[in-house]
Amino acid sequence: MPKINDQATLTRMGELQKLRDRRSKLAQTVATARASKQQVVDAERKITAKIAEVANFWTGISHTLQQLGFSATDISKLAPIWSAHPEVFQARRTAIEQQINVAAGSAAPTTGPTDTIGSLDAAIKKLEDELQLDKARKNKVIEIEGQRQRFAEEKRKLDAEFEWTEKAYKTKRQETNQHRIDAYLSYFDLLAEEKTVLEELYAPLKLALASQGAHEKKLDVVCRVEADVAAWIARGAELFDLRKTGTFRYDEIEKIAATALKKTWEACDSAKIRIALEKCLTLIKEADVLKTQLKTGFQPRDVAEWLFGVEHIDVTHGIQYERKDLRLLSPGTKGIVLLILYLAVDRFDTRPLIVDQPDENLDNQSTYEILRSYFREAKKRRQIIIITHNPNLVVNTDAEQVIVAESTLRPNGLPAIEYSFGSLESAIADGPLQGSIREAACRILEGGKYAFKMRENRYGQVLKS
């Protein structure tokens, strides 16, 4: 902030006043000289007029004297002798004009340096400019000082309000923080309740699977809390700029998350979650990271939402086959799982069951080894209707009734479906079918006798070797 030297300003003002006094005196001297010059002119005019008047008077009186008989000699003796001597007046006027010109500065003084109106005006102008500059600077300083005082007053008020707020809402803030932590921890209580409910719902199925054969034992029911720690760590890393100077180390947060937090999250252990979370909060507060290393564009609220976020924690539940989630299985394996549930688990269901192409997306080995045995067992207590083109399900399940559907074209070009039925052992089928059900099954399922024989011969050679 610029400073004004008041003593220097007062000195300049004193010098300015002296210069103005000297100029005033000089101006008065010039005015007096000009008045004197005018008086000289007036005196010369009066004398000249008087001489002219005397001359006129002498002219008249000398004529009278001549008439009265005075001689020329006597008359000349009486003649007035008076001359105007204009050079005298001119010399005086010149001296006065010289004095005026020297005072005005248009003529050089006859002696040493002296004041002139021009030099005094220049000096006065210089001091006035300097004083005007000082005044402008002083006004600017006064303005800045006024602003500073206003800002200081505003800051004082804000500090007072902040102090009052800190005192008035300290308890409320502590209660709010505690409420936030309690609400966060209550989420894990709800997860634990949800997990318990799901376990109760899955309990009958799990018990049924445990009492089944080898293939049923490949099925398992899972219900657990899973925490995606990697996603939580990645989200937190987006908030902090560790290139900035500071003492915060994010790898310590990662260690807490990967060890203590992951275990306690998945165990829904509220007490241990609180301890691990408080460690993270302590690391952030002690490093003052919210002021020193928070990335531009993020606020402390974002850090709180990250710390107390639960998007990465949820209950995972469902059926697994050979330790794989149902959604990750191939379509064929999903079909096996569903059929196991239908045929093996619910052993008290006696309602008819219609299955459309259960062998779809399955190889023949799986069809024979898995599905065949279930259908053979299930048909003992319920009617099973299968739509299939797989010979393992038609022949090797000991189907009691085989229905063959054949499509023919009517004269109008529309298809007509005709059904023939009977057992594989029947020599003649009921319906329009020509021949036995066995022959139709061989034709449709195996490609015909010739195709069946060719495969039999090929398999026979392989099996013999």
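Overview of the structure. Treat the numbers as computed from the prediction; the structure is a model and nothing was measured.

**A closer look at the overall build of the protein**
Part 1 of the reasoning: A tally of regular secondary structure across the protein gives 15 helices and seven strands.
Part 2 of the reasoning: Relative to the globule expectation of 23 Å for 465 residues, the C-alpha radius of gyration of the protein, 64 Å, shows a markedly less compact shape.
Part 3 of the reasoning: Overall size of the protein, expressed as C-alpha extent along the three principal axes, is 210 × 70 × 45 Å.
Part 4 of the reasoning: Considering only contacts in the protein between residues 6 or more positions apart, those separated by 24 or more positions represent 65%.

**Focus on the pairing of strand β6 (residues 402-409)**
Part 1 of the reasoning: Relative to strand β7 (residues 415-422), β6 runs antiparallel, the two being bridged by eight bridges. Directly across from V404, in β7, lies its bridge partner S420.
Part 2 of the reasoning: Between the end of β6 and the start of β7, which pair antiparallel, lie five residues, with G413 showing a positive phi angle near 90 degrees.

**Observations regarding unusual backbone geometry**
As a rule of thumb, non-glycine residues mostly have phi less than zero, and peptide bonds are mostly trans rather than cis.
Part 1 of the reasoning: With a phi close to 50 degrees, Q357 is a non-glycine residue in the positive phi region.
Part 2 of the reasoning: By secondary structure assignment, the location of Q357 is in the loop between β4 (353-356) and α12 (364-378).
Part 3 of the reasoning: Even without a glycine there, the phi angle at D398 is positive, about 60 degrees.
Part 4 of the reasoning: Counting through the fold element by element, D398 comes out in the loop between α13 (391-394) and β6.
Part 5 of the reasoning: Of the residues examined, D398 reaches a relative accessible area of 41% and is grouped as partly exposed.

**Let's talk about the environment of G448**
Part 1 of the reasoning: With respect to the helices and strands, G448 occurs in the loop between α14 (437-446) and α15 (449-464).
Part 2 of the reasoning: In the structure, G448 is positioned 109 residues away from L339 in sequence and 30 Å away in space, judged by C-alpha atoms.
Part 3 of the reasoning: If sequence neighbours within four positions are ignored, G448 has contacts with C442 and R443.

**Notes on α14**
Part 1 of the reasoning: Of the residues making up α14, those classed as buried are I437, A440, A441, C442, L445 and E446.
Part 2 of the reasoning: Of the residues flanking the end of α14, it is G447, one or two places downstream, whose phi is positive at about 95 degrees.

**Description of helix α8 (residues 270-286)**
Part 1 of the reasoning: Taking 1.5 Å per residue, 17 residues should reach 24 Å; α8 reaches 24 Å between its end C-alpha atoms and fits that length.
Part 2 of the reasoning: What α8 keeps buried is the set S270, I273, A276, L277, C280, L281 and I284. Viewed end-on, α8 has its buried residues packed into an arc of 145 degrees, placing them on one side of the element. Opposite the buried face of α8, at more than 90 degrees from it, the exposed residues are A271, K285 and E286.
Part 3 of the reasoning: One or two positions beyond α8, positive phi appears at D288, with a value near 50 degrees.

Quick notes on the rules
Residue indices follow the written sequence of each chain, beginning from 1 at its first position. pLDDT decides what is reported in this predicted model: residues at 70 or higher carry local features, side-chain atom pairs at 80 or more are listed and counted, and totals for whole chains, interfaces and linings draw on all residues regardless. Computation of side-chain values covers all heavy atoms of the structure but excludes hydrogens and water. Labels follow the DSSP assignment, with helices taken as runs of H or I lasting at least four residues and strands as runs of E lasting at least two, numbered in each case from the N terminus. Throughout, the radius of gyration refers to the C-alpha atoms, and the reference size of a globule is 2.2 Å times the residue count to the power 0.38. Every residue pair with non-hydrogen atoms within 4.5 Å of one another is taken to be in contact. What makes two strands pair is DSSP finding at least two bridges between them. Think of it in three bands: residues with accessible area under 20% of the maximum for their type are buried, residues over 50% are exposed, and the middle band is partly exposed, with areas taken using a 1.4 Å probe on protein chains only. Each helix should span, by expectation, one fewer than its residue count multiplied by 1.5 Å. What the arc describes is the spread of directions from the helix axis to the C-beta atoms.

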